[in-house]
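One letter stands for each residue in the lines below.
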Amino acid sequence: MKRIPYFLALTTLASGLFAAPLVVYSERSEQLIKPLLDRYTEVTGIDVQVLTDNAAPLVARLQAEGKRTPADILITVDAGNLWQASQSGMLASIDSDILEARVPDYLQDPDNQWFALTVRARTIVYHTDRVKPEQLSTYEALADPEWKGRLCLRTSKKVYNQSLVGSLINRLGEDNARAVVDGWVNNLATAPQSSDTVAMEALLAGQCDVTLVNTYYLGRMQKNDPTLPLAIYWPNQETSGVHINVSGAGVTRHSKQPEAAQAFLEWMVSDEAQQIYASLDMEFPVVDGVALDPIVSAWGPFKPDTRPVYKAGEFQRQAVMLMDTAGYR
Amino acid sequence: MIVSKKLAIRMIQTGLAIFIAGPLLYLLLYWWTLDVPLWQHIIENQFFPLIRNSIILLVGVGFGTSVLGVGLAWLTYRYRFTGSAFLTGALILPLAIPAYVQGFIYLGILDVSGPFQTYLRAMWPDVGFINARHPFGVIWVMSWVLYPYVYLLTRQAFSKLDRSQIEVARLAGFSKRRIFFKLIFPMIRPGWLAGLTLVWMETLADFGTVSLFGFSTFTTAIYKTWFDFYSLATAAQLSSLLMLVAFLLLWWEKRSESHIRHDSNSTPWAAQRLTGKHRFLVSLVCWTALGTALIVPVIQLVYWSFQAPAHTLQTLIDPFWNSVLLAVMAAGVITVFAYIQSLINYRRTDPVLDRLVPLTKLGYALPGTVVAVSTLLWFSHIETFLSDWLHIEVYLTGTVLGLLLAYLIRFFSLASQSLVDSFARMELSVNDAARTLGAGPWKRFRQIVWPLTRPGALAALLLVCTEVIKELPATLLLRPFGWDTLALKVYQWTNEAMWVNAAMPALLLIITGTLPLWLFRPREEKNVKA
């Protein structure tokens, strides 16, 4: 496995001498991807240009541009949008032994139109003064009456919560999932927050005791202040595992240089790229054996939910409707 | 000859209107298909509460900006007090602050984890948690960034007040209150309404601020339908409903506008120099307003900027120049087009063309991303058409030209609103007299039309500059590679809820945006009575 990057570097370097720049449409913020693209240029000599926006406008732009698109690669920060991009026919299937070998099956599109590049775990964060980890168990249990007035949640308009509720529907069926969401809404201490960070700040201020966040948001806060009285709890370890989402990428259908685009994705799952990519935002690599950021490894290992992540896309619409009718804003 | 000239003018006018309104009318095509289950869900669960919320917001922000805008315009026009010369100009500067930036600043200060509530709880633990993310909070924040439109346009109207009528009323023994509401207010009404229309269009289009406060409006539903339900078609359908509202709003405003009568022989009203208690009170009100709208937010941003990594400033040099360059180019292009349209329009009352005018203004009232995407689709059709039929390869998407055209679609209304007043003040009789005396069209333009309309053109130029510097959604989607702007740098961090990192680009953006505003600021009138 270690040899892959070098081999890649050689082959791509040769083509890089004449190649046009690779163009990436990215939902991932520029500061969280640029260092990695710069490194790719360093290694291969291939220039990479990036355009950032939300996934929906980027997919709309791909559709509008059609064959004229300059884009070779689409990167999004959740599986739902990747699923949507593949549904819209804007991605091409990739036949790559490297990607197949390095990215676990549940983290890729069944039709190989996209592959996860990092894993993002959505988990429980609690205030260490007011909650003991023994009191916590599962996402579902946060609907119990003992959390009345103690729960904070980010808005249902964020795709991470939509995927989470989608996974509940997938796992428990719609009626049970609805009961859970109803319970959450009942337990809310205040109206849903606009971001995971704001929700954790409400925990710190004492407005609530538990919330659900993507781990890297806590990582960023702990980086600034390691003494924060907030801790991670990995839920559903006896059952389904921690809900995960992904950031991932695919090659666009109308890319002028699909081989170069594929080579780029293959480099993205190399050990070096995985380490840079995951540590840029304190996410989890998709490849085993890559060193974690010290803050991330301090959270300890967890069992992830290994149901295929593309299901998030399939259940998204149902999940949003369910949250709307449950009054989860 | 006359017929062909008229035809040529009609064609120019119609072409411009179609180009500008094209992408928006394009949204109507989405009505071909209907996602029935989704519509059912929207109507059952969201429609009416969202409309109610949107109305609350429009009424609240309309009231807030009117009180602030008309009130401050009146005080600075009527009285002279400590700092009044500076305040007269400075009170328009909050326009340089993007509403969502004002939103995250005020939430940063006032939310449960902010310094204000933390202090309150430390002093009085019984206070508990005050909900800052309240509808009132959104109204508060938006009123403080949008009131300058009302201030600016009513203040222009005040400065044209005719003293003689007011003095007659005073001699007839009318009370001050009665004079204000019965005589003065009707005279400033067109200015107030023009400002209010701009305020309402921006309020309808806002997504960033309401999202921070978790306040769902019709516009957030458009985003939700597109981003979460993956239905661009339904989002376009909802947008076209919003467009209808904006169209009615503009039509209503245009009707009131036609009542403007300008009397160039009016005698200006002398301001009054305040002393003692009154001077203190009026100064306090105006300085507090500036403090709330501008000084407090800027101090908070400066404070956050010091916490951000020191190298941030270096990364902002290129975006700064990009912002400036785009703003200057866009302002030039848009002003020229808006000027041509006003020039063609001002002396003709052509019923067909008149109806086209509101169409060209709709871009300002729709959510930015929707305008950006429909512009993108529009460009791609133009590109395909040119390539397939005329074999000309043109790239608009992802070029500076394309971006400038997108700004034209979005901000045309702002520029033409700024020109309305100048052209309305031009008297046709002067132009006609000059023509009778044998002056050619170019001479008439240079010596009569241009001197009278120059202030309006300058206003359009500078206002568009500030708006382009603030613009985000179109820049985000349509910019050429490497053309990052300051607004984009702010978004890059606010998107991740990292306010501290967003502070320095936001501060630089605000400073850059205040420069054109300061050049264009209203000046204090000279005549003062003791």
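Because the structure is predicted, anything quoted here is derived from the model rather than measured. (Residues numbered from 1 in each chain as written. Chains lettered and ligands numbered in written order. Predicted model: local features only at pLDDT ≥ 70, side-chain atom pairs only at ≥ 80, totals over all residues.)

Here the focus is the overall build of chain A. Each helix and strand counted, chain A has 13 helices and 10 strands in total. A compact globule built from 329 residues would reach a C-alpha radius of gyration of about 20 Å, and chain A, at 20 Å, matches this within 12%. Structurally, chain A occupies a C-alpha span of about 65 × 40 × 30 Å along its principal axes. Expressed as a percentage of the 329 residues in chain A, the buried residues total 56%. (Helix = DSSP H or I, 4+ residues; strand = E, 2+ residues; numbered from the N terminus. Rg over C-alpha atoms; globule rule 2.2 N^0.38 Å. Buried ≥ 20, exposed ≤ 12 C-beta atoms within 10 Å, placed from the backbone.)

Chain A puts 37 residues into the contact, and the matching count from chain B is 36 residues. Residue assignment for the side of chain A that touches chain B shows that the elements contributing at least two residues are β2 (48-52), α3 (55-65), α8 (196-205) and α13 (311-325) of chain A. (Contact = placed C-beta atoms within 7 Å.)

With that settled, consider the confidence of the model for chain A. In this model, chain A carries an average pLDDT of 92, and 94% of its residues clear a pLDDT of 70 or more. Scored below 50 in pLDDT, residues 1-17 of chain A makes 23 contacts in the model with residues more than four places away or belonging to other chains. (pLDDT = per-residue confidence, 0-100.)

Attention now moves to the packing of helix α20 (residues 486-494) of chain B against helix α21 (residues 499-520) of chain B. Residues and elements named next belong to chain B. Axis separation between α20 and α21 bottoms out at 8 Å; the angle between their running directions is 160°. In terms of orientation, α20 lies roughly antiparallel with respect to α21. Of the two possible hands of crossing, α20 and α21 adopt the one that is left-handed. Residues L486, A487, K489, V490, W493 and T494 of α20 form the contact with α21, whose own contacting residues are W499, N501, A502, P505, A506, L508, L509 and T512. Taken together, the residues of the contact of α20 with α21 sort by class into 10 nonpolar, three polar and one charged. (Axes fitted to C-alpha atoms, helices over the stretch in contact; angles between N-to-C directions. Parallel < 35°, antiparallel > 145°, perpendicular 65-115°, else oblique. Left-handed = near helix turned anticlockwise from the far one by under 90°. Nonpolar A, V, L, I, M, F, W, Y, C, P; charged D, E, K, R; others polar.)

Residue and element names in this part refer to chain B. Taken together, three strands build an open sheet; the order of strands is β1-β2-β3 and the sheet is parallel. Only two strands of the sheet have a single neighbouring strand rather than two, namely β1 (79-80) and β3 (528-529). Alignment of strand β2 (residues 271-273) against β3, held across two bridges, turns out to be parallel. Within β3, the position partnered with Q272 by the bridge is K529. (Pairing = 2+ DSSP bridges.)

Phi angles above zero are rare outside glycine, and N112 of chain A is one such case at about 60°. Within the secondary structure, N112 of chain A sits in the loop between α5 (97-102) and β5 (115-127). Overall, the presence of 19 C-beta atoms within 10 Å leaves N112 of chain A in the partly exposed class. A positive phi is found at Y230 of chain B, a non-glycine position, where the angle reads about 55°. Checked against the element boundaries, Y230 of chain B lands in the loop between α10 (218-227) and α11 (232-257). Since 25 C-beta atoms lie within 10 Å of it, Y230 of chain B is described here as buried.

With that out of the way, let us pick up helix α7 (residues 174-187) of chain A. All names here are of chain A. Taking 1.5 Å as the rise per residue, α7 with 14 residues should run 20 Å; its terminal C-alpha atoms sit 20 Å apart, in good agreement. All buried positions along α7 are accounted for by A177, V180, V181, W184 and N187. Mapping the buried residues of α7 onto a view down its axis gives an arc of 125°, with all of them on the same face. Along its buried surface, α7 packs onto β6 (151-152), α6 (159-172) and α13. (Expected span 1.5 Å × (residues − 1). Arc of directions from axis to C-beta.)

All names here are of chain A. Neither face of strand β3 (residues 73-76) is open: one carries I73 and I75, the other L74 and T76, and all of them are buried. Note: strand β1 (residues 22-26) against β3, three bridges, orientation parallel. Bridged to Y25 within β3 is L74. With four bridges connecting them, β3 and strand β9 (residues 243-252) associate as antiparallel partners. Directly across from I73, in β9, lies its bridge partner V251.

This part covers the environment of A415 of chain B. Residue and element names in this part refer to chain B. With respect to the element layout, A415 can be found in helix α16 (residues 400-425). Since 29 C-beta atoms lie within 10 Å of it, A415 is described here as buried. Separated by 48 residues in the primary sequence, A415 and L463 have C-alpha atoms spaced 7.5 Å apart.

Time to look at the environment of H254 of chain A. Residues and elements named next belong to chain A. Within the secondary structure layout, H254 lies in the loop between β9 and α10 (258-268). Note on H254: 17 C-beta atoms within 10 Å, which makes it partly exposed. In this structure, the C-alpha to C-alpha distance between H254 and V159, residues 95 residues apart in sequence, is 27 Å. When residues no more than four places from it in sequence are discounted, the contact partners of H254 are G66, K67 and T69.

Our next topic: the nonpolar core. Counting 258 residues, the largest nonpolar core has I73, L74 and F264 of chain A together with I334, V464 and V468 of chain B as the members making the most contacts within it. The element contributing the most residues to this core is helix α6 (residues 135-158) of chain B, with 16 residues. For V464 of chain B, the residues in contact, after removing those within four places along its chain, are A330, A331, I334, T335, F411, L414 and A415 of chain B. (Core = buried A, V, L, I, M, F, W, Y, C linked by C-beta atoms within 7 Å.)

A few words on helix α15 (residues 368-389) of chain B. End to end, α15 of chain B covers 31 Å across 22 residues, agreeing with the expected 32 Å (1.5 Å per residue, within 8%). Positive phi appears at H391 of chain B, one or two residues downstream of α15 of chain B, with a value of about 55°.

All names here are of chain A. On the secondary structure map, A312 appears in helix α13. Residue classification places A312 among the buried residues on the basis of 29 C-beta atoms within 10 Å. Each C-alpha atom of the pair A312 and S163 lies 5.0 Å from the other, and the pair is 149 residues apart in sequence. In contact with A312, not counting residues within four places along its chain, are A79, G80, W83, S163, G166, S167 and N245.

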